[in-house]
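Single-letter residue listing:
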Amino acid sequence: MKKLMKGNEAIAEAAIQAGCKCYFGYPITPQNEVPEYMSWRLREMGGVFKQAESEVASVNMVYGAGAAGVRAMTSSSGLGIALMQEGITNLASTQVPAVFLNVMRGGPGLGTIQASQADYNQMTRGGGNGDYYLPTYAPSTLQEACDLIQKAFDTAFKYRTPVGVMVDATIGNMMESVDIKENVQPDPSIPDVNEWCIRGGRREDGSVHRIKGLFNVPEECEAFNEELAKKYDKIRENEVMVDIKDCEGADVVIVAYGTTARIAKQTMKLGKENGLKIGMVRPQTVWPFPYDELREACRDAKGVLCAEMAIDQLLQDVKLALEGTKPIATYHRLSGVMPSANDMYDACVKLAKEAK
Amino acid sequence: MLKEVIFSGFGGQGALLIGQVLAMAGVIEDLNATYRPTYGFEKRGGVAFCDVILSDEEIGTPVIENPEVAVIMDEASFKRFEPLVKKGGAMFYNTSLISSKPTRDDIEYFEVPCNDMAKELGNDKVANMILLGAYVGYSKAVAMDSVEAGLKAKLGHGKEKTIPLNRKALEMGAAIAAK
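Here the structure is a predicted model, which is why all the values come from computation and not from measurement. (Residues numbered from 1 in each chain as written. Chains lettered and ligands numbered in written order. Predicted model: local features only at pLDDT ≥ 70, side-chain atom pairs only at ≥ 80, totals over all residues.)

## Observations regarding the overall build of chain A
Here's step 1: Helix and strand counts for chain A come out as 13 helices and 14 strands.
Here's step 2: Relative to a compact globule of 356 residues, whose C-alpha radius of gyration would be 21 Å, chain A shows 21 Å and is just as compact.
Here's step 3: Projected onto its principal axes, the C-alpha positions of chain A cover 70 × 50 × 40 Å.
Here's step 4: Across the 356 residues of chain A, 54% fall into the buried class.
Here's step 5: Across chain A, every contact between residues at least 6 apart in sequence was considered, and the portion connecting residues at least 24 apart equals 80%. (Helix = DSSP H or I, 4+ residues; strand = E, 2+ residues; numbered from the N terminus. Rg over C-alpha atoms; globule rule 2.2 N^0.38 Å. Buried ≥ 20, exposed ≤ 12 C-beta atoms within 10 Å, placed from the backbone. Contact = placed C-beta atoms within 7 Å.)

Here you go:
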């Protein structure tokens, strides 16, 4: 049933409906409605809510719950996610599943509490040490945020990896009608958690339950890294999600995600009214990034406009995808100053002219 | 059908509340609705405004650059949003608190001394509902009954007794738009 809900609350409810049993977090604007909602709703649903003493504590509580095979999550804004990086790399190295929601605000440092997309590098390149990646979803509407956080739990357990979901503060704070899928059952292809999780004592065959990420022998650690790399390749192969609109015969293709992509839709409308063909490529996963899909979709374009609420972060992946084959222009607004559909349109017009 | 309106005031005046109530009224009438609030760190004071869009089609951007209508509760918001209203649009402004005078001749202005009117009704807190009533009366975006139902849903149990006063405030505002 469709219901008007606030983004943060809708995402929290969707997580619970996907089987999230534990939430650990520390307050920070603009995502405080997530823990607030979890605090009563999880208890109602027989789960555990804990307001930790810090972000470092939260991520380690998530680590513990995940290691026990339980669907657990935390949420924060970029500042808090920064503090969690040590935990995230440990989860990656011990292959413990968990979901991390980042409701992005302006940075760097304390920045602003309004919408931003400046944590793109933080989520896709990570802040933790070592050769790991954080598969990350970047929804654009409340409905998609609900659907993708539910999918995030499945991805986390399918591949035994921490998974990120990143939304800008607009999505967290706005209200929109959503239809949250209830009582979502895990993907049947997910392996039984009892094959790996720690529950205390020995397994029936006498082996010890153990989750470890420290190696005494370099060759063993190298081999483990190669195994991890194979897992990331599999994720690259199977989990890329991208929404491609009106790119065939387009003069300009806009690459944007999240709220910026919604604003770009308005820019596309302006294009239609004024005779400029504008298409859009909207990555729904930012890691793995839809490199091939983007290059293919931009084939007809004279130029590509990369639009984001950050300075040239998404741009790095757009450049990697296009490999210098197309002129690229950028458009950004920052720290809670919202991108303008009109200005984005002007940028498209300028690009189309210059690229001729 | 597409209605775009910005409600703006300082924190504590209830600009965000009336935006939410309007969005709820829209959903009650089976419309698509988005409500996008912007506010600062402060619980009281500071800028607080919201964009509300109602449409019978899918809503693209939830951000309003140039609103058809701006409903303005304080001086700072007047200065900020007056230049942004679409040509041919309208602006409702709270003359109880705003001393600025209109500077444009391509939009319609409605003076709503909502704090004084609310005092007449015996409760200063319904000033925001008077403005919402004025907007709904002007735009006919939703029926007043839907607004009341939206308010009931927003306030939840235990506050039903405030509904008749709020309804009175809504009607009082609508009467201004009808003039």
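So much for the structure itself; the text now carries on.
## Here's the deal with the packing of helix α1 (residues 7–17) of chain A against helix α2 (residues 33–44) of chain A
The angle between the axes and the distance between the axes are what describe a pair of packed helices.
Residue and element names in this part refer to chain A.
Here's step 1: Running from N to C, α1 and α2 point in directions that differ by 40°, and their axes come no closer than 8 Å. Comparing the axis directions of α1 and α2 gives the class oblique. Of the two elements, α1 crosses α2, and the hand of that crossing is right-handed. When α1 is examined against α2, the residues N8, E9, I11, A12, E13 and I16 are found in contact with a partner set consisting of E33, V34, Y37, M38, R41 and L42.
Here's step 2: When grouped by side-chain class, the residues that make up the contact of α1 with α2 number seven nonpolar, one polar and four charged. (Axes fitted to C-alpha atoms, helices over the stretch in contact; angles between N-to-C directions. Parallel < 35°, antiparallel > 145°, perpendicular 65-115°, else oblique. Left-handed = near helix turned anticlockwise from the far one by under 90°. Nonpolar A, V, L, I, M, F, W, Y, C, P; charged D, E, K, R; others polar.)

## Re the domain arrangement of chain A
All names here are of chain A.
Here's step 1: When its domains are assigned, chain A resolves into domain 1 (3–178) and domain 2 (242–355).
Here's step 2: Centre-to-centre separation of domain 1 and domain 2, based on C-alpha positions: 27 Å.
Here's step 3: Taken together, the contacts link 25 residues of domain 1 with 21 residues of domain 2.
Here's step 4: Taken together, the elements giving at least two residues each to the side of domain 1 that touches domain 2 come down to α6 (120–124), β6 (136–137), β7 (162–168) and α8 (169–173).
Here's step 5: If you tally residues by element for the side of domain 1 that touches domain 2, the top one is α6, at four residues. (Domains from an automatic or database assignment.)

## Points about the interface of chain B and chain A
Here's step 1: Residue-level contacts link 17 residues of chain B with 17 residues of chain A.
Here's step 2: If you list the elements that add at least two residues to the side of chain B that touches chain A, you get α1 (15–28) and β2 (32–39) of chain B.
Here's step 3: Looking at the side of chain B that touches chain A element by element, the count peaks at seven residues for β2 of chain B.
Here's step 4: Classifying every residue of the side of chain B that touches chain A gives nine nonpolar, six polar and two charged.
Here's step 5: Two elements, strand β8 (residues 175–178) of chain A and β2 of chain B, share two bridges in a ladder whose sense is antiparallel. (Pairing = 2+ DSSP bridges.)

## What to know about the sheet that holds strand β3 (residues 48–51) of chain A
Backbone-to-backbone hydrogen bonds join strands into a sheet, with any given pair of strands oriented parallel or antiparallel.
All names here are of chain A.
Here's step 1: With mixed pairing, seven strands are arranged side by side in an open sheet as β3-β2-β4-β5-β7-β6-β12. Of all the strands in the sheet, the pair left with one neighbour each is β3 and β12 (285–287).
Here's step 2: Across two bridges, β6 lies against β7 in parallel orientation. The residue of β7 that forms the bridge with Y137 is V165.
Here's step 3: Sheet strands touched by α2: β2 (22–25), β3, β4 (72–76) and β5 (98–104). Its angle to β3, the strand with the most contacts, is close to 145°.

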